[in-house]
Amino acid sequence: MKAAARAFWLRSPGEGEIREVALGAPGEDEVLVRSLYSGVSRGTETLVFRGQVPESQHAAMRAPFQEGDFPGPVKYGYLSVGLVEEGPAALKGRTVFCLYPHQTRYVVPASAVTVVPDDVPARRAVLAGTVETAVNALWDAAPLVGDRIAVVGGGMVGSSVAALLARFPGVRVQLVDADPARARTAEALGVGFASPADALGDCDLVVHASATEQGLTRSLELLSAEGTVLELSWYGDRKVSLPLGEAFHSRRLVIRSSQVGTVSPARANRSYGDRLGLALKLLADPALDALITGESAFEELPEVMPGLASGEIPALCHLVRYGKSA
């Protein structure tokens, strides 16, 4: 028997729509999930919405349960939290996280969902995918007790990194952003804040997540000798210029990339499941609610996404809620 569901699709760059989809009954070792919430990340997902995924990255950028191809039509997304309605007894009735696009109900292998801990609210659990990125970044960066650290770019990823760094003993952490409104986010997360011009220098580590050429340039300027910039930004099809003359070589500066698609080599003994499970445990901290800055109903996504992609609707993580009859 087939059940009905509805999904958000990017019809073409800048234009979204909701489509009816048919679901088959879950088979053995599969689950039927009814969506409670999903999240829109203003970074990668809005690049997809604007059609800015370079052709060379089409394969690397595929989401686990994506349908269609870039630049569209495509069903894209990866921050979904729902309730298991059918499936193995150990999962039935449990709230789970899944790397699934925006859809009211879906059937996936049981291995594709992770149970949300009881002390993590379902709406906060949509942040798991981004906190997982932050976990991987800090595995790559390996900050030390007492380090002087700046996080340049107070978006969803940068703020998640800052939130985790706030737990490190003895570190000086400053969230750096051109938007003064991000000061409230920094305060809620328990870290300092500064504009790019006023940021503290002499940093051992700078985590860059602004996705701007100016932000990456400023990140290099904030380093102490032999310091490292960990680059978390993804620029899509944009070219980036950097001042790699001047004192870049004499100060022995380092630029290192980090990307969530591969578990950090520094934790080669950990699996993707281990990393996501850790991210969900870290979401027990209510301070991370500061990263959810907007909310709308699933049915409103075709009207909301253009505003999120253009910046007209300011947001870190935008929460999408689903009705009980989703």
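Up top is the structure these notes are about.
Keep in mind the model is a prediction, meaning the values are calculated, not measured.

K.L.:
What's the story with the overall build of the chain in this structure? I'm lost.
P.N.:
The number of helices and strands found in the chain is eight helices and 17 strands. On C-alpha atoms alone, the chain measures out to a radius of gyration of 20 Å, which is about the 20 Å that the 2.2 N^0.38 rule sets for 326 residues. Taking all 326 residues of the chain together, the buried fraction comes to 48%. Taking all contacts inside the chain whose residues are at least 6 apart in sequence as the whole, residues at least 24 apart take part in 66%. In the chain, the 31 positive side-chain charges and the 37 negative ones have mean positions that sit 2 Å from each other.

K.L.:
Can you walk me through the packing of aromatic side chains in this structure?
P.N.:
Any pair of aromatic rings gets described here by the distance separating the centres and the angle formed by the planes. Per the stated rule, a full pass over the model turns up five aromatic pairs. Ring centres 5.3 Å apart and planes at 35 degrees place the aromatic pair Phe65 and Tyr100 in the tilted group. Taken together, the residues span a long stretch of sequence, with Phe65 in the loop between helix H1 (44-49) and strand E4 (67-68) and Tyr100 in the loop between strand E7 (95-98) and strand E8 (105-109) at a distance of 35 residues. For Phe65, a relative accessible area of 24% corresponds to the partly exposed category. Looking at Tyr100, the relative accessible area reads 7%, which means it is buried.

K.L.:
Before we go on, may I ask you to explain the environment of Ser12 in this structure?
P.N.:
Topologically, Ser12 is positioned in strand E1 (residues 3-12). Between the C-alpha atoms of Ser12 and Gln66, which are 54 residues apart in sequence, the distance is 15 Å.

K.L.:
Would you take a moment to explain the sheet that holds strand E14 (residues 223-231) for this structure?
P.N.:
In sheet architecture, strand pairing relies on hydrogen bonds along the backbone and comes in two forms, parallel and antiparallel. Spatially, six strands are ordered E12-E11-E10-E13-E14-E15 in an open sheet, and the strand pairing comes out parallel. Since the sheet does not close on itself, it has two edges, and those belong to strand E12 (192-194) and strand E15 (254-257), each with one partner. Between one strand and the next, the sheet's axes are offset by a mean angle of 25 degrees, whatever the strand orientation. Across three bridges, the pairing between strand E11 (residues 172-176) and E12 is parallel. Directly across from Leu175, in E12, lies its bridge partner Phe193. Sheet contacts for helix H3 (residues 128-141): strand E13 (203-208), E14 and E15; angle to E14, the most-contacted strand, approximately 145 degrees.

K.L.:
What should I look at first to understand helix H7 (residues 272-282) in this one?
P.N.:
Because each turn of an α-helix spans 3.6 residues, side chains separated by three or four positions in sequence point in the same direction. Of all the positions in H7, only Arg275, Leu276, Ala279, Leu280 and Leu282 are classed as buried. Axial view of H7: buried residues confined to an arc of 160 degrees, hence all on one face. The secondary structure elements touched by the buried residues of H7 are E7, strand E9 (113-115), helix H2 (122-125), H3 and helix H4 (156-165).

K.L.:
Could you clarify how one ought to interpret the packing of H3 against H4 in this entry?
P.N.:
Axes are the key here: two packed helices are described by the angle between their axes and the distance separating the axes. Viewed as axis vectors pointing N to C, H3 and H4 meet at an angle of 60 degrees, and their least axial separation amounts to 8 Å. By the criterion of interaxial angle, the relationship of H3 to H4 is oblique. Judged by the sense of rotation from one axis to the other, the crossing of H3 with H4 is right-handed. Packed against H3, whose contacting residues are Thr130, Val131, Thr133, Ala134, Val135 and Leu138, the element H4 presents Met156, Val157, Ser160, Val161, Leu164 and Leu165 at the interface. Its residues assigned to classes, the contact of H3 with H4 comprises nine nonpolar, three polar and no charged.

The rules behind each value
Residues numbered from 1 in each chain as written. Predicted model: local features only at pLDDT ≥ 70, side-chain atom pairs only at ≥ 80, totals over all residues. Heavy atoms only, no water. Helix = DSSP H or I, 4+ residues; strand = E, 2+ residues; numbered from the N terminus. Rg over C-alpha atoms; globule rule 2.2 N^0.38 Å. Buried < 20%, exposed > 50% of the residue type's maximum accessible area, 1.4 Å probe, protein only. Contact = heavy atoms within 4.5 Å. Lys, Arg positive; Asp, Glu negative; His and termini not counted. Charge placed at Lys NZ, Arg CZ, Asp CG, Glu CD. Phe/Tyr/Trp six-rings, centres within 6.5 Å; stacked < 30°, edge-to-face > 60°. Pairing = 2+ DSSP bridges. Axes fitted to C-alpha atoms, helices over the stretch in contact; angles between N-to-C directions. Arc of directions from axis to C-beta. Parallel < 35°, antiparallel > 145°, perpendicular 65-115°, else oblique. Left-handed = near helix turned anticlockwise from the far one by under 90°. Nonpolar A, V, L, I, M, F, W, Y, C, P; charged D, E, K, R; others polar.

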